[in-house]
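So the chains spell out like this:
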Amino acid sequence: MKFLDQPPRFLFFTGKGGVGKTSIACATAIELAGAGKRVLLVSTDPASNVGQVFGITIGNQVTPVAEVPNLSALEIDPQAAAQAYRDRIVGPVRGLLPESVVKGIEEQLSGACTTEIAAFDEFTALLIDGALTHDFDHIVFDTAPTGHTIRMLQLPGAWSWFLEDGKGDASCLGPLAGLEKQRTQYKAAVDALADAQKTRLVLVARAQAATLNEAARTHDELASLGLSRQYLVINGVFPESEAANDPLAQAIFKREQAVLANLPDAVRLLPTDTIELKAFNLFGLTALKQLLDTSNAKDPCHRGLQGDVAIQGVMDGRASLDMTNGLSAGFTAEHPLTALIDDIALTGHGLVMTMGKGGVGKTTLAAAIAVELARRGHEVHLTTSDPAAHLMETLHGTVAHLSVSRIDPQEVTEAYRAQVLASKGAKLDAAGRAVLEEDLRSPCTGRDCRVSGVL
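Residues numbered from 1 in each chain as written. Predicted model: local features only at pLDDT ≥ 70, side-chain atom pairs only at ≥ 80, totals over all residues. Heavy atoms only, no water.

So, on to the pairing of strand β6 (residues 199–206). Most of β6 sits inside the fold, with seven of its eight residues counted as buried. Of the pairings in the sheet, the one linking strand β1 (residues 10–14) to β6 comprises five bridges and is parallel in character. Bridge pairing links L11 to R200 in β6. One ladder, built from six bridges, connects β6 with strand β7 (residues 230–237); its direction is parallel. Within the sheet, the bridge partner assigned to L203 lies in β7 and is L232. (Buried < 20%, exposed > 50% of the residue type's maximum accessible area, 1.4 Å probe, protein only. Helix = DSSP H or I, 4+ residues; strand = E, 2+ residues; numbered from the N terminus. Pairing = 2+ DSSP bridges.)

Structure, rendered in structure tokens:
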């Protein structure tokens, strides 16, 4: 595996939800530990399932994996980190300050911003040579889906800039009060992330256009942050040997080859590994040890098959979500999803939300529901709050009665700042407005956090 060739101390695995980041990160940690390296496997995913993969309970503390010598694991729990952060701030003053003052501090520390900064502190602590990590040769990060990961990797630079430009002096109360003391730690984290000798980022994708396009976008965004040492792993590629005698398997194989023959330009020249689809669940040591076994692996990336692949089987295995030609036949009254749409359509209006773990098909199902409601004559607006925003890739073309948008975090943040300045800021004097503008420039504002004194 190219991504394991002379690995640096820090390895980050990121990619769209459901592509296999956790399995590959766990298998990598086992491989390195088996080579005699002391390894810490860290999950920054709030929905971490590293413990489930190993069949043990890990939690928010460094935990040795008993069955793998040299390997320990840690799941960063944002809520537990936030509580520990609050205890560190409030504990020393409890009983010394009036109760009303203590309650005021607790209120300041109750927002989402505190949770993010607390998790951020734990993350940056792992990137510097501190007491927590000095015993480990490698630290392997199993990250959350791409959008969350990019925000996490941006934070050291964002907060360092905020401090260096003097944006966080007087009015940064509550969770921001201790940031100045952490300046050295944040700078060291930025330096570690940008150092190709210390950090390697592994983009994980499947042989699907959406995941590879997201890998390409991630490549560009993280390269702009200084993470230039990137590798690509294409996971779960359907083996050619299994495609010969089954029409469905052959269709999947050809579809994947068409995608792999047209890799996005941003990732085409990256060092690339392919991992074939396995016939077993990737839980437990035996399975994980086989995941990176290349003894029978084949490289399917350059077999030259072409073709335009539509999204098949959205509703009943026969429907095609090709917006250019409209929704093809295939909806049947007895199908559960069609029954759900019948129920939604009865009221004539309302809000429909699709949610679930990364990679389970939220975007595809949301698009299928929206297209069918529009086909029935309902006016439908389909939008996404996912930073990855794959709607336009899922929908090929347009259809009557359907409009599509995405919630752009930068646009929403700027609109929020403008709205707050126009409303709250209009009532303030020059000094008060300056303080408000300072709060709104905080990276917390761009993280859907409550700004102290604004709401």
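On we go.
Our next topic: the confidence of the model for the protein. This prediction gives the protein a mean pLDDT of 76; 73% of its residues lie at or above 70. Within the model, the stretch residues 167–177 combines pLDDT values under 50 with 29 contacts to residues more than four positions away or in other chains. Confidence over residues 297–333 falls short of pLDDT 50; this stretch has 88 contacts with residues more than four positions distant or in other chains. (pLDDT = per-residue confidence, 0-100. Contact = heavy atoms within 4.5 Å.)

Moving on, we get to the packing of aromatic side chains. Evaluation of the coordinates by the stated rule reveals three aromatic pairs. Judged by centre distance (5.8 Å) and plane angle (90°), the ring pair of F3 and F13 falls under edge-to-face. Here F3 is found in the segment before β1, whereas its partner F13 is found in strand β1, with ten residues between them in sequence. Here F3 matches F13 in class, with each residue buried. When the centroid spacing of 6.5 Å and the interplanar angle of 45° are considered together, the rings of F10 and F141 count as tilted. Of this pair, F10 sits in strand β1 while F141 sits in strand β5 (residues 138–142), and the two are 131 residues apart along the sequence. A residue is classified by how much of its surface remains accessible, and F10, at 2% relative accessible area, is buried. By relative accessible area, which is 0% here, F141 ends up buried. (Phe/Tyr/Trp six-rings, centres within 6.5 Å; stacked < 30°, edge-to-face > 60°.)

Here the focus is the pattern of salt bridges. In this structure the tally under the stated criterion is five salt bridges. Of the charged contacts in the structure, one is a salt bridge between D342 and R376, with a shortest N-O distance of 2.7 Å. Remark: R376 occurs in the loop between α13 (362–375) and β11 (380–384) and D342 occurs in helix α12 (residues 336–347); sequence separation between them is 34 residues. When its relative accessible area of 32% is taken as the criterion, D342 is described as partly exposed. On the basis of relative accessibility, which here comes to 31%, the residue R376 falls in the partly exposed class. One salt bridge in this structure joins E372 and R376, with 2.9 Å as the shortest N-O distance. Each of D342, E372, R375 and R376 takes part in one network of salt bridges that share partners. (Salt bridge = Lys/Arg side-chain N within 4 Å of Asp/Glu carboxyl O.)

What follows is about α13. A rise of 1.5 Å per residue sets the reference length of α13, with its 14 residues, at 20 Å; its end C-alpha atoms lie 20 Å apart and thus fit the reference within 8%. Looking at α13, one finds that the buried residues are A366, A367, A368, I369, A370, V371, E372, L373 and A374. Backbone geometry just downstream of α13 places G377 in the positive-phi region, at approximately 100°. (Expected span 1.5 Å × (residues − 1).)

Now for the sheet that holds strand β3 (residues 63–64). Ordered in space as β3-β4-β2-β5-β1-β6-β7-β8, the eight strands form an open sheet in which the pairing is mixed. Bordering the open sheet on either side are β3 and β8 (272–276), each of which pairs with just one other strand. Two elements, β7 and β8, share four bridges in a ladder whose sense is parallel. Bridge pairing links V237 to E276 in β8. Its contacts with the sheet place helix α8 (residues 209–224) against β1, β6 and β7, and it is angled at close to 160° to β6. (Axes fitted to C-alpha atoms, helices over the stretch in contact; angles between N-to-C directions.)

Ranked by size, the top nonpolar core spans 35 residues in total, and within it F3, F13, I24, L41, F54, L71 and V140 carry the most contacts. When contributions to this core are tallied by element, the ones reaching two or more residues are β1, α1 (21–34), β2 (39–43), α2 (50–54), β4 (71–75), β6, β7 and α11 (285–291). Here this core gets eight residues from one element, more than from any other, and that element is α1. Among residues more than four places away in sequence, those in contact with F3 are L11, F13, I24, T28, R200, V202, Y231, V233, D273 and L292. (Core = buried A, V, L, I, M, F, W, Y, C linked by side-chain atoms within 4.5 Å.)

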